[in-house]
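Summary of the model geometry
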Amino acid sequence: MRGGARAFGTGSASGPGASGATGAPRRARGWSCRASAAPEPPLPAMGLLSDPVRRRALARLVLRLNAPLCVLSYVAGIAWFLALAFPPLTQRTYMSENAMGSTMVEEQFAGGDRARGFARDFAAHRRKSGALPVAWLERTMRSVGLEVYTQSFSRKLPFPDETHERYMVSGTNVYGILRAPRAASTESLVLTVPCGPDSTNSQAVGLLLALAAHFRGQIYWAKDIIFLVTEQDLLGTEAWLEAYHDINVTGMQSSPLQGRAGAIQAAVALELSSDVVTSLDVAVEGLNGQLPNLDLLNLFQTFCQKGGLLCTLQGKLQPQDWTSVDGPLQALQTLLLMVLQQASGRPHGPHGLFLRYRVEALTIRGINSFRQYKYDLVAVGKALEGVFRKLNHLLERLHQSFFFYLLPALSRFVSIGLYMPAAGFLLLVLGLKALELWMQLHEAGVGPEEPGGASGPSPPLLPAQSVGLASLVAPLLISQAMGLALYVLPVLGQHVATQHFPVAEAEAVVLTLLAIYAAGLALPHSTQRVVSAQAPDRGWMALKLVALIYLALQLACIALTNFSLGFLLAATMVPAAALTKPCGPRPLYAMLLVLTSPAATLLGSLFLWRELREAPLSLADGWQLFLVALAQGVLEHHTYGALLFPLLALGLYPCWLLFWNVLFWK
């Protein structure tokens, strides 16, 4: 009995008899033995969240500091992003792949006159036939010693493409294969030239054929080289890539390829508007924001520097002085242009479709402007020859450098570890607001300020009022139904709209998009009919908590794969999502929600993009460009698999409707 009493009496008891809810000091350790009853076992010590008093204090601290922390986090995210164009956050580019670390190769290309002759003949035959001169390309490629094959394809677009004036698309791709004399056909490189209805790209075709003739006379090739000329711009490129990899992801109808080379390691797309260029502009943004390995871009820039070629990014020259403010400010403009183009999810050149198949690729565009220094096709050909010779040395795919980066200049980059905190700070605002709502839902009667004038023990917390499930299910289901209608109905209902209204198919798709988008503004009136009248007052808090978590998860996933899109959406949607509530200046909150909706974000991005391009838009021109962007977004989703349209329609638009419902909650 004595030993048992010692065992129970020396424990670290924290039960009602020791301290309890009254906060009395714990009784000193000693002998505790009752004659009439056995000793009671002690309760375990309460933690921070299990102790009601400490939990109440933590809730008050969170509520009191929530607003300043949200403001500080949002400002820190925007400031961090703007600082990415300034050293030391922006770093110098460097070559990571050892096989491409040196440019000590002797470029021997001297076929400038031959390239111009090929270009003149190609342009003449194209004007004569009115389409791609397939027979002439076959004869010319065979004359320079290539294995020549053709591929026919056709595609019916979901609705007419008024930008390029096409609906039933058909064409023929022509490609020649230069077999490697020093290795088996296990790996290959691609040099491609797109030919569309808007631009013939004759100089690029001539340079491609001249390079093929020059490469045919060399014996050091260890990889097959494919010289590809595609028709109908990106549609021809997509048809060839799908047939080459024996898949069909876009519904393209094409003939099977009769000839194949090895696995494609890298590709370069060439676009030239003249036989004399003043600079070469490099495009890196691919489908759904994919980027090529940074080593490929560094390799091309290195050979441009070696040959004295002027190389630009986003049409902007590289800043020369990084010590003053002017250099980083110019880099910030280039960085913003890249962010806007990457966020669009469009393939900004044929290379963007190669990236889907894990093929590192670039698009090089020759620009002929009023700059003083001009270069002929020989200089461009030597740069391409050097790039292909270094890629020929690769023993494995490019993998050592970065795949996630931002470019304030060609010689500077920002890695993923340096730009992700900008999105993290913005997403932290959503987490803090969600934590505040959770505290308010679970801690009844807790306010941001301590009650004054009361001394002594605090009363125990009352259980929080329960939230009706119906008040959450109805807005969630109706919001997702609106998003599904926004995704499905515009394309399916275009023929019905053209029968009842005097509009074309493309106009019907855009107008249906706008009509369904605007119809979502009536969502609160629809859900209030479904929600029970006995729904508790805390229903809007629970709905906003769900919407905040939903938005935070979407933006986090988007930022991991396409940082530019995730950051733009977070920078616009986070403030409205944090401030929206059914009490307070409701018209001001409604205006803020509308101005930060996904459609308004797209419209504002178009104005900003043209302003950075030094081609500002008027309100009427901006609205027309906005309508064209809507049509192109839907078309590129069904044609190439771009994910921006379904992401906005099925994810972010329903989430935005939840906040709209919170604002008008009764």
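Residues numbered from 1 in each chain as written. Predicted model: local features only at pLDDT ≥ 70, side-chain atom pairs only at ≥ 80, totals over all residues. Heavy atoms only, no water.

1. Considering the pairing of strand β7 (residues 263-272)
Most of β7 is tucked away: 8 of the 10 residues are buried. Where β7 and strand β10 (residues 360-367) come together, 7 bridges link them in parallel fashion. Looking across to β10, one finds that alanine 266 is bridged to glutamate 360. (Buried < 20%, exposed > 50% of the residue type's maximum accessible area, 1.4 Å probe, protein only. Helix = DSSP H or I, 4+ residues; strand = E, 2+ residues; numbered from the N terminus. Pairing = 2+ DSSP bridges.)

2. So, the UniProt feature "transmembrane region" (unreviewed entry) in the protein
As annotated by UniProt and renumbered to match this structure, "transmembrane region" (unreviewed entry) occupies residues 65-86, 402-430, 467-488, 508-524, 545-568, 588-609, 616-635 and 641-664. Its end C-alpha atoms 31 Å apart, residues 65-86 is made of 82% helix and 0% strand. Counted over residues 641-664, helix gives 83% and strand 0%. Its end C-alpha atoms are 36 Å apart. (UniProt positions renumbered as here; feature names shortened; annotations may be inferred.)

3. Observations regarding helix α6 (residues 234-244)
Across the 11 residues of α6, 11 count as buried, placing the element largely inside the fold. For α6, the set of buried residues is Leu234, Leu235, Gly236, Thr237, Glu238, Ala239, Trp240, Leu241, Glu242, Ala243 and Tyr244. One or two positions beyond α6, positive phi appears at aspartate 246, with a value near 55°.

4. Describing the packing of aromatic side chains
Under the definition given, this model contains 21 aromatic pairs. On the basis of an interplanar angle of 65° and a centroid distance of 6.1 Å, the ring pair of tyrosine 94 and phenylalanine 413 is categorised as edge-to-face. Taken together, the residues tyrosine 94 in the loop between β1 (91-92) and α3 (112-129) and phenylalanine 413 in strand β12 (residues 412-415) connect sequence positions 319 residues apart. Seen from their ring centres, tryptophan 656 and tryptophan 660 are 5.6 Å apart, and the 25° between their planes marks the pair as stacked. Pair noted here: tryptophan 656 and tryptophan 660 are both in helix α21 (residues 644-663), with a separation of 4 residues, about one helical turn. Its relative accessible area of 2% is what places tryptophan 656 among the buried residues. Three or more aromatic residues link up through ring pairs in this structure, and these residues are Phe215, Tyr220, Trp221, Phe227 and Phe388. Positioned over the ring face of tyrosine 244 is arginine 260, at 6.0 Å from the centre of the ring. (Phe/Tyr/Trp six-rings, centres within 6.5 Å; stacked < 30°, edge-to-face > 60°. Lys NZ or Arg CZ within 6 Å of the ring centre and 35° of its normal.)

5. Regarding the pattern of salt bridges
Considering all chains together, one arrives at 13 salt bridges under this definition. The shortest N-O distance in the salt bridge between aspartate 161 and arginine 166 comes to 3.6 Å. One exposure class covers both aspartate 161 and arginine 166, and it is buried. (Salt bridge = Lys/Arg side-chain N within 4 Å of Asp/Glu carboxyl O.)

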